[in-house]
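Observations on the model geometry
The primary structure of each chain is shown beneath.
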Amino acid sequence: QVQLVESGGGLVQAGGSLRLSCAASGSVFSIVLMGWHRQAPGKQRELVATISSSGSTNYADSVKGRFTISRDNAKNTVYLQMNSLKPEDTAVYYCAANRYTTFGAPSDWGKGTQVTVSS
């Protein structure tokens, strides 16, 4: 099992920046893919960005050029740097991990951290 703990959420004005962190513990050796997802009120959870164990990244079109996902393997931590934030980025942001395979839905989820962007 893998435990994921997010931090770094908060309230920011439009145009501002935030950095989210996700610390992984437990069977971290089995993680092959980590990602950030978000869920806004009344909407379905959506993928924001992923990073593989080799460092390959993938982004939703809505955040390309504004968000950057990165990882620190020594700290078992993944980051999401969010710049030029917009009110539509307001959501609960969840960290997720895929173990052993990159296919299919994530096997582990954090509890989420709230990001609120005011206009």
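Residues numbered from 1 in each chain as written. Predicted model: local features only at pLDDT ≥ 70, side-chain atom pairs only at ≥ 80, totals over all residues. Heavy atoms only, no water.

Some details on the pattern of salt bridges
Counting across every chain of the model gives 5 salt bridges. Here Asp61 ties to Lys64 by a salt bridge, and the two come within 3.2 Å at their closest N and O atoms. Accessibility assignment for this pair places Asp61 and Lys64 in one class, exposed. Each of Arg38, Glu46, Arg66 and Asp89 takes part in a single network of salt bridges with overlapping partners. (Salt bridge = Lys/Arg side-chain N within 4 Å of Asp/Glu carboxyl O. Buried < 20%, exposed > 50% of the residue type's maximum accessible area, 1.4 Å probe, protein only.)

Here we look at unusual backbone geometry
One non-glycine residue, Asn76, lies in positive phi territory at about 50°. Its location among the elements puts Asn76 in the loop between β7 (67-72) and β8 (77-82). Residue class for Asn76 comes out partly exposed when judged on its relative accessible area of 31%. Backbone geometry places Tyr100, a non-glycine residue, at a positive phi of 70°. Mapped onto the secondary structure, Tyr100 falls in the loop between β9 (91-99) and β10 (108-109). A relative accessible area of 60% means that Tyr100 is categorised as exposed. (Helix = DSSP H or I, 4+ residues; strand = E, 2+ residues; numbered from the N terminus.)

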